[in-house]
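Report on the structure
Residue-level listing of the chains:
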Amino acid sequence: MKKWSIFRVNSVKKVILVQHLPFTGVIKYMRCRKSFAALALAAVLTVTGCGTANGTAGGVKTNTESESVPGTDSRGGENTGTAGRDGGAAAENESESSAKTAVKAREKDIHERTIFAMTTVMSLRVYHPDGEAILDKAEEEIRRIESLFSTGNPESEIAKINADGEGKLGADAVQLLDKSLSIYEMTNGAFDITIYPVMRAWGFTELYDDENLIEKENTPVDIPDAAALAEAVSLVDSSAIEFDPQTGEVRLPEGSEIDFGGIAKGYAAQRVIGLFEEMGVSSAMLDLGGNVQVLGTKPNGKDWKVGIRDPAGEHTVIGVIACRDRAVVTSGGYERYITGKDGKTYHHIIDPKTGYPAENGLVSVSIVCDDGTLADGLSTALYVLGKDGAAECWREHPDLFDAVLLTKDGKMYITEGIEDDFASDVYDAEVIRRA
Ligand code: AMP
Ligand code: MG
């Protein structure tokens, strides 16, 4: 019997309940009516038979067991058919059974933690005998990064730079700003961290600073008028930031302010994976609110399977990526939004050219990349660019990352590099190829 807690109010009538299962590392989700949720919370439900799905807070679900993922059976048999191949069956059986014992021992070293940080639910899993101490360090690192880059905390490094318009950045901010500016270049300005005045005009900044974020998303608010947005947009221009990565000195143009919200979780994931490596971990999985990053393989030596959440919520997953040592980061308009008094919802990924939520035909973008920070920035940027712009950006950097794109009109595209590692039971994905 494990407790459910409310994770997200999905609409006026529906909520999502979440339950973390400590020994499996699975986060179970259940969408249900509010009235049922109240009963469920009071009664303390058991897990099975509730129509639940394992997954995570953000756009991506991690699946520990391939049988729970549609469309992966073809890869499931990868280890079969080898035993006894050369007639040395007995010896192989022996070594096979000791290998199995070793795998079991590694699997037993599982340590997991679920925390709330950077305004999202995060789950961390490592396989290591000192797992708890390692997770303590990981949590500390996430909280340290949160305290540096939280725009809502006036004491944070970023809030001070925003208030003063200039300053000397520490090592983390130097890296993050440097990468943000190169993603700005790579994406023709679709990723622009000087978006903060626009986020404020929409009221997203207040939303994120509010403890009751979920309820607030569904409370109708005034949407900004065109003139206010135009004024905010006039302040958006990463190319006008003066920055010396050697000294860390930065100067923002008058009125300009930085928001690392589109990239900071990816940076945190990348840092934590780095910490794990330093501490001798060879198998780990992080899900920082949809920013999934895996280290090595699963303890049994097989690829991790990362499922992509269905933005429409109809399917458990809309595709699965088999990977190792990779970040898989999803951006979707469905993740965060405000509700206008006009009854429409306005999501949080903004087109820096217009100041309005990006509506370029995509509903979900997942980036697969060995660098979690880059993956995070690119997922936001490619969402803004739309399918054609995203494909063009990938063709300019085909060895840097791969992508899964889902369009509003129900088409899925994947880039060539993950053709063999991606499976979907729902969509017949079209492959974007190199030029
Ligand atoms: P993500 O969930 O990674 O796609 O990031 C979305 C967040 O990034 C928003 O909540 C904003 O804080 C920020 N953001 C929104 N639009 C942009 C943009 N065009 N470029 C950079 N950051 C953005
Ligand atoms: Mg992002």
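A brief report on the enclosed structure follows.

The rules behind the values
- Residues numbered from 1 in each chain as written.
- Chains lettered and ligands numbered in written order.
- Predicted model: local features only at pLDDT ≥ 70, side-chain atom pairs only at ≥ 80, totals over all residues.
- Helix = DSSP H or I, 4+ residues; strand = E, 2+ residues; numbered from the N terminus.
- Buried ≥ 20, exposed ≤ 12 C-beta atoms within 10 Å, placed from the backbone.
- Contact = placed C-beta atoms within 7 Å.
- Near = placed C-beta within 6 Å.
- Nonpolar A, V, L, I, M, F, W, Y, C, P; charged D, E, K, R; others polar.
- Expected span 1.5 Å × (residues − 1).
- Arc of directions from axis to C-beta.
- Pairing = 2+ DSSP bridges.
- Axes fitted to C-alpha atoms, helices over the stretch in contact; angles between N-to-C directions.
- Core = buried A, V, L, I, M, F, W, Y, C linked by C-beta atoms within 7 Å.
- Parallel < 35°, antiparallel > 145°, perpendicular 65-115°, else oblique.
- Left-handed = near helix turned anticlockwise from the far one by under 90°.

Looking at the overall build of the protein chain
Helices and strands together make up the secondary structure of the protein chain, namely 12 helices and 22 strands. Looking at the protein chain residue by residue over its 435 residues, the buried ones come to 44%. Considering only intrachain contacts with a sequence separation of at least 6, the fraction spanning at least 24 residues in the protein chain is 62%.

Details of the site of ligand 1
The immediate surroundings of ligand 1 are formed by 20 residues, with G261, G262, S331, I350 and T380 found nearest. Residues that form the shell around ligand 1 fall into these classes: 9 nonpolar, 6 polar and 5 charged.

Here's the deal with helix α6 (residues 171-186)
Between its first and last C-alpha, α6 extends 23 Å over 16 residues, near the 22 Å set by a 1.5 Å rise per residue. The set of residues buried in α6 consists of A173, L176, L177, K179, S180, I183 and Y184. All buried residues of α6 lie within an arc of 170 degrees about the axis, which places them on one face of the element. Away from its buried face by more than 90 degrees, α6 exposes A171 and E185. Elements in contact with the buried residues of α6: α4 (131-149), α5 (157-164), β9 (242-244), β10 (249-251), α11 (264-278) and α12 (372-396).

Remarks on the sheet that holds strand β18 (residues 362-369)
Reading across the sheet, the 9 strands line up as β6-β7-β11-β12-β15-β18-β19-β20-β22 and stay open at both edges, with mixed pairing between neighbours. Where the open sheet ends on each side, the last strands, each with one partner, are β6 (110-117) and β22 (430-432). Sheet twist, expressed as the average angle between the axes of neighbouring strands with direction ignored, equals 15 degrees. As paired strands, strand β12 (residues 291-296) and strand β15 (residues 327-331) are joined by 3 bridges and run antiparallel to one another. Pairing of N291 across the sheet is with V329, part of β15. With respect to the sheet, α4 is in contact with β6 and β7 (120-127), its orientation differing from that of β6 by roughly 20 degrees. Against the sheet, α11 contacts β7, β11 (283-288), β12 and β15, and its axis sits at roughly 20 degrees relative to β12.

Some thoughts on the nonpolar core
In terms of nonpolar packing, the biggest core is built from 98 residues, with I367 and L382 touching the most fellow members. Among the elements that line this core, the one with the most residues is α12, at 11 residues. Once you skip the residues sitting within four places of it in the chain, I367 turns out to touch V329, A375, L378, S379, L382, F401 and A403.

Overview of the sheet that holds β10
In a beta sheet, neighbouring strands are held together by backbone hydrogen bonds and run either parallel or antiparallel to one another. Spatial ordering of the open sheet is given by β8-β10-β9, a layout of 3 strands whose pairing is antiparallel. A strand with exactly one partner marks an edge of an open sheet, and here the two such strands are β8 (166-168) and β9. The average angle at which neighbouring strand axes cross in this sheet is 5 degrees, direction not considered. In terms of strand pairing, β8 meets β10 through 3 bridges, oriented antiparallel. If you follow K168 over to β10, its bridge partner there is E249.

Notes on the packing of α11 against α12
Interaxial distance between α11 and α12 falls to 7 Å at its minimum, and their mutual angle equals 165 degrees. As judged from the angle between their axes, α11 and α12 are roughly antiparallel. Considering how the two elements wind past one another, α11 and α12 form a crossing that is right-handed. Residues K265, G266, Y267, A269, Q270 and I273 of α11 form the contact with α12, whose participating residues are G372, T373, A375, D376 and G377.

Focus: unusual backbone geometry
In this structure, N188 takes a positive phi of about 50 degrees despite not being glycine. One can find N188 in the loop between α6 and α7 (196-202). The phi torsion at D325 lies on the positive side, around 45 degrees, for a residue other than glycine. Positionally, D325 belongs in the loop between β14 (319-323) and β15.

Concerning the environment of R324
As for its placement among the helices and strands, R324 is situated in the loop between β14 and β15. R324 sits 31 residues away from Q293 along the chain, and the two C-alpha atoms are 8.9 Å apart. In contact with R324, not counting residues within four places along its chain, are V294, G296, T297, D303 and W304.

What to know about the packing of α6 against α12
Where α6 meets α12, the axes come as close as 10 Å, and the angle between the chain directions of the two elements is 5 degrees. Comparing the axis directions of α6 and α12 gives the class roughly parallel. Taking contact as the criterion, the partners of K179, S180, I183 and M186 in α6 are, on α12, T373, L374, G377, L378, A381 and C393. Of the residues assigned to the contact of α6 with α12, the class counts are 6 nonpolar, 3 polar and 1 charged.

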